[in-house]
Amino acid sequence: GRWTGQSQAAAAMAAADASGPSSGQVWQDKEIRLFLPAQAVMCRKGEFVIDRMNSVEDTKGNNGTRGTLLITNLRMVWISHKSFKTNLSVGYSCIQTITIRSAPSILRARAQALYLMTKFDEARYEFIFTSLVEGSPRLFTTVQAVFRAYETSKLYRDLKLRGAIVRDGLLRQLPDEEVFNRLDGVMNLSSDQGNLGVLYLTNIRMVWHASLAENFNVSIPWIQISKVHVRASKFGQALVVETVPRAGGYVLGFKIEPDERREAACKEVSSLWKVFLADPVLGVKHTVEDAPTSTQSAPLERRADDVEIVDSAETSDTMAAYLADASKAADREPVFDPELGLAVEALPPGYDIGKLWSA
């Protein structure tokens, strides 16, 4: 009964944080999490630190606290200098807009800050980061450039149907993509009749397109596949590829003849998939001056305090501090708060300043 209606999504997020990463799926760019354990703060396979800034304030949720901001190819991670367990992770897929405007900072008074408007689990959150290095635009330029690189490289990570991925019968290869095999005469079993087409196998994905209609196609990154096997269909034995729930949980069947060719294709698909998962290529490229070396990425590898999140409601209350008030057009009238003994801006209905302050 302690949760507000607006923070129910945050409660679900808190439960996910407590359980940590599971099943090997890529969540880093798709979710917002707080109070991550050390394992979840560390880079997963295919993730790397592009830039690290050691003097950044989380102005929205931890105003007055200096921390380190890690910018990876999948997300932004802020870690408090006071306590490693006070941290947050914002996946780029959750970001809707990035703006730069003035924000009230305890450590820098009023300064230009980076505003992120995000959406996760049907709730909207706002994050504000202020660089404590006066006159440095690095926070703004790096985040904007990396986010742009992420947005323009989705084919490395996301399943795509009917995309502009084939031109004049040839696969439009991505940077660093290498085609290992092209199989003609492969029937896609997604319709009652089946469709004959071409199957490409690369180091990043598998792509099928119909021979008579190039725009009838599917691009399946290896990172989104959960299972590869052969099973019976109404067309006979077929190569079946299943995607992870986050990619739609698709079950895609391909009929390849004769049997020996199908078995060889299944082995090749399974092999390429496993090789990719051992060292994923996720597509985001960006170079900054004075970028951190592998030894400078130590904050991702440091040991965190043992943390057990017992009361997820408290985590929800903290997450509520980041909720974006879309209806707020201007500052609310100040009211006297007896707990603080100060005049403060009025909170939205359903919020308790005591919980937000103690969190």
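Relevant structure appears above.
Worth saying up front: this structure is predicted, and the values here are computed from it rather than measured.

### Structural notes on helix α4 (residues 259-278)
Structural remark: α-helix, 3.6 residues per turn; residues separated by three or four positions point the same way.
Right, on to step 1. For α4, with 20 residues, the first-to-last C-alpha span of 29 Å sits near the 28 Å given by 1.5 Å per residue.
Right, on to step 2. Where the residues of α4 are buried, they touch β12 (179-188), β13 (195-202), β14 (205-210), β16 (225-233) and β17 (236-243).

### Things to note about unusual backbone geometry
Right, on to step 1. Following Glu257, the chain continues to Pro258 via a peptide bond in cis, the omega torsion being -5 degrees.
Right, on to step 2. Along the polypeptide, Pro258 turns up in the loop between β18 (251-255) and α4.
Right, on to step 3. Although it is not a glycine, Phe35 adopts a positive phi angle of roughly 50 degrees.
Right, on to step 4. The topology assignment puts Phe35 in the loop between β1 (32-34) and α2 (38-41).
Right, on to step 5. Even without being a glycine, Asp168 presents a positive backbone phi close to 55 degrees.
Right, on to step 6. Its location among the elements puts Asp168 in the loop between β10 (166-167) and β11 (170-171).
Right, on to step 7. Exposure remark for Asp168: the relative accessible area of 71% places this residue in the exposed category.

### With respect to the pattern of salt bridges
Right, on to step 1. By the definition in use, this model includes 14 salt bridges.
Right, on to step 2. A salt bridge links Lys60 to Glu126, with the shortest nitrogen-to-oxygen separation between them at 2.7 Å. Placement of the pair is Lys60 in the loop between β2 (49-58) and β3 (66-72) and Glu126 in strand β8 (residues 123-131), with a sequence separation of 66 residues.
Right, on to step 3. When its relative accessible area of 26% is taken as the criterion, Lys60 is described as partly exposed.
Right, on to step 4. The salt bridge partner of Glu126 is Arg101, with a shortest N-O separation of 3.5 Å. Remark: Arg101 occurs in strand β6 (residues 95-105) and Glu126 occurs in strand β8; sequence separation between them is 25 residues.
Right, on to step 5. Each of the salt bridges in this network shares a partner with another, and the network as a whole consists of Asp29, Lys30 and Asp158.

### Concerning the packing of aromatic side chains
Right, on to step 1. Within the structure shown, the criterion is met by three aromatic pairs.
Right, on to step 2. Between Trp208 and Phe216, the ring centres sit 5.6 Å apart and the planes meet at 90 degrees, which makes this aromatic pair edge-to-face.
Right, on to step 3. Judged by its relative accessible area of 1%, Trp208 is buried.
Right, on to step 4. The ring of Tyr115 is capped by Arg101, whose NZ or CZ atom sits 3.7 Å from the centre of that ring.

Calculation criteria
Residues numbered from 1 in each chain as written. Predicted model: local features only at pLDDT ≥ 70, side-chain atom pairs only at ≥ 80, totals over all residues. Heavy atoms only, no water. Helix = DSSP H or I, 4+ residues; strand = E, 2+ residues; numbered from the N terminus. Expected span 1.5 Å × (residues − 1). Contact = heavy atoms within 4.5 Å. Buried < 20%, exposed > 50% of the residue type's maximum accessible area, 1.4 Å probe, protein only. Salt bridge = Lys/Arg side-chain N within 4 Å of Asp/Glu carboxyl O. Phe/Tyr/Trp six-rings, centres within 6.5 Å; stacked < 30°, edge-to-face > 60°. Lys NZ or Arg CZ within 6 Å of the ring centre and 35° of its normal.

Keep in mind these numbers describe shape, not what the thing actually does.
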